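# Structural features, examined
So you can see what is in the structure, the chains are spelled out below.
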Amino acid sequence: MVGPNGEQVGIVRVEDALRLAEEANLDLVEVAPMAKPPVAKLMDFGKFKYEAAMKAREARKNQVNTVIKEIKLRPKIDPHDYGTKKGHVERFLKAGDKVKVTIMFRGREQSRPELGRRLLERLAEDIVELGYVESAPKQDGRNMIMVIGPTKKKAEAKAEQRRSREQRGAAGAHGDAAQAEHAEQTEQTEQIDETPQADQAQQVPTEQAAAE
């Protein structure tokens, strides 16, 4: 039997182990039933189950699922479309996702695979600060495929996005507070400006009465 703090109690009868568990207000849990003799431990089984569930939940929360996004290009893509596609690749990489870039060949384009290879190499150079070529360009039937991996891990990208949201929220709250303070100062200024006019309005009848 093993004690609640991991200490070795030794070989005891089941009746004695149950008595010790009852005296300590703990549970007698069999942790190695196949051992000879079987091993049991004194513990708070409810607390043990709760802590195990919390650890499993934390592990699931920190688990990062690898996501592969796909972008398809044509060998003779025009500059505007290329810029749009490159923007999507950059966005995926910033989020910590891998990107599968596929060049689709049609008709006579299949006899010019170097066009696709040059386009993929150009894309790799344009996003070198955000990603790296994980799988070099290779022909796959009518297509040519290259896989780009992010330089930042997904967990880091998520943490960065969370910090950015928090900073924007703090900046927005600061801006609202400054706007409210400005409005309050403006209201006080208007009240101060109205005071002399009110005094003047009260003085006019007095002066007229004196003249009469």
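Worth saying up front: this structure is predicted, and the values here are computed from it rather than measured. (Residues numbered from 1 in each chain as written. Predicted model: local features only at pLDDT ≥ 70, side-chain atom pairs only at ≥ 80, totals over all residues. Heavy atoms only, no water.)

### Notes on the side chain of Thr102
Positionally, Thr102 belongs in strand 4 (residues 98-104). If sequence neighbours within four positions are ignored, Thr102 has contacts with Glu70, Ile71, Lys72, Leu73, Asn143, Met144 and Ile145. (Helix = DSSP H or I, 4+ residues; strand = E, 2+ residues; numbered from the N terminus. Contact = heavy atoms within 4.5 Å.)

### Here's the deal with the nonpolar core
Membership of the largest hydrophobic core comes to 19 residues, with the highest contact counts inside it found for Leu73, Val89, Val99, Val101, Ile103 and Ile148. Those elements that provide at least two residues to this core are strand 3 (68-73), helix 3 (79-94), strand 4, helix 4 (113-126) and strand 6 (143-150). Ignoring anything within four residues of it in the chain, the contact list for Val101 reads Ile71, Leu73, Leu120, Leu123, Met144, Ile145, Met146 and Ile148. (Core = buried A, V, L, I, M, F, W, Y, C linked by side-chain atoms within 4.5 Å. Buried < 20%, exposed > 50% of the residue type's maximum accessible area, 1.4 Å probe, protein only.)

### Quick word on the sheet that holds strand 5 (residues 131-140)
Read from one edge of the open sheet, 4 strands run 3-4-6-5, paired in mixed fashion. Edge strands, defined here as strands with exactly one partner in the open sheet, are strand 3 and strand 5. Pairs of neighbouring strands in the sheet enclose a mean axial angle of 20°, with direction left out of account. The pairing of strand 3 with strand 4 spans 6 bridges and is classified as parallel. By the bridge assignment, Leu73 is partnered in strand 4 with Ile103. Helix-sheet contacts for helix 3 involve strand 3, strand 4, strand 5 and strand 6, and the interaxial angle to strand 3 is about 170°. (Pairing = 2+ DSSP bridges. Axes fitted to C-alpha atoms, helices over the stretch in contact; angles between N-to-C directions.)

### Remarks on the pattern of salt bridges
If you walk through the whole model with that rule in mind, you get 8 salt bridges. Close ionic contact of Glu109 with Arg74 constitutes a salt bridge, the shortest N to O distance being 2.9 Å. Of this pair, Glu109 sits in the loop between strand 4 and helix 4 while Arg74 is found in the loop between strand 3 and helix 3, placing the two residues 35 residues apart along the sequence. The class for Arg74 is partly exposed, based on a relative accessible area of 27%. In this structure, Arg122 and Asp126 form a salt bridge, with 4.0 Å as the shortest nitrogen-oxygen distance. Of the two residues, Arg122 and Asp126 are both situated in helix 4; the distance of 4 residues between them amounts to about one turn of the helix. Overall, Arg122 belongs to the partly exposed group, its relative accessible area being 41%. For Asp126, a relative accessible area of 38% puts it in the partly exposed group. (Salt bridge = Lys/Arg side-chain N within 4 Å of Asp/Glu carboxyl O.)

### What to know about the pairing of strand 6
Each regular strand carries side chains that alternate between the two faces of the sheet. Strand 6 sits mainly inside the fold: 7 of its 8 residues count as buried. With 6 bridges connecting them, strand 4 and strand 6 associate as antiparallel partners. Within the sheet, the bridge partner assigned to Met104 lies in strand 6 and is Asn143.

### Focus on the packing of aromatic side chains
Per the counting criterion, the structure on display carries 1 aromatic pair. Note that Arg122 overlies the ring of Tyr82, its terminal NZ or CZ placed 3.8 Å from the centroid. (Phe/Tyr/Trp six-rings, centres within 6.5 Å; stacked < 30°, edge-to-face > 60°. Lys NZ or Arg CZ within 6 Å of the ring centre and 35° of its normal.)

### Comments concerning the pairing of strand 5
Looking at chain direction, strand 5 and strand 6 are connected through 7 bridges and run antiparallel. Each residue of the ladder has a partner; that of Gln139, found in strand 6, is Met144. Hairpin connection of strand 5 to strand 6: 2 residues between the antiparallel strands, including Gly141 at a positive phi of 70°.

### Concerning helix 3
Relative to the 22 Å expected for 16 residues at 1.5 Å per residue, helix 3 spans 22 Å between its end C-alpha atoms, a close match to the ideal helical length. Within helix 3, burial applies to Tyr82, Val89, Phe92 and Leu93. Looking straight down helix 3, one finds that the buried residues subtend no more than 100° of arc, so they occupy a single side. Along helix 3, exposed side chains directed more than 90 degrees from the buried face belong to His80 and Lys94. (Expected span 1.5 Å × (residues − 1). Arc of directions from axis to C-beta.)

### Observations concerning unusual backbone geometry
One can expect most non-glycine residues to show negative phi and most peptide bonds to be in trans. Residue Pro37 is reached from Lys36 by a cis peptide bond, and omega for that bond is -5°. Counting through the fold element by element, Pro37 comes out in the loop between strand 1 (27-32) and strand 2 (39-43).

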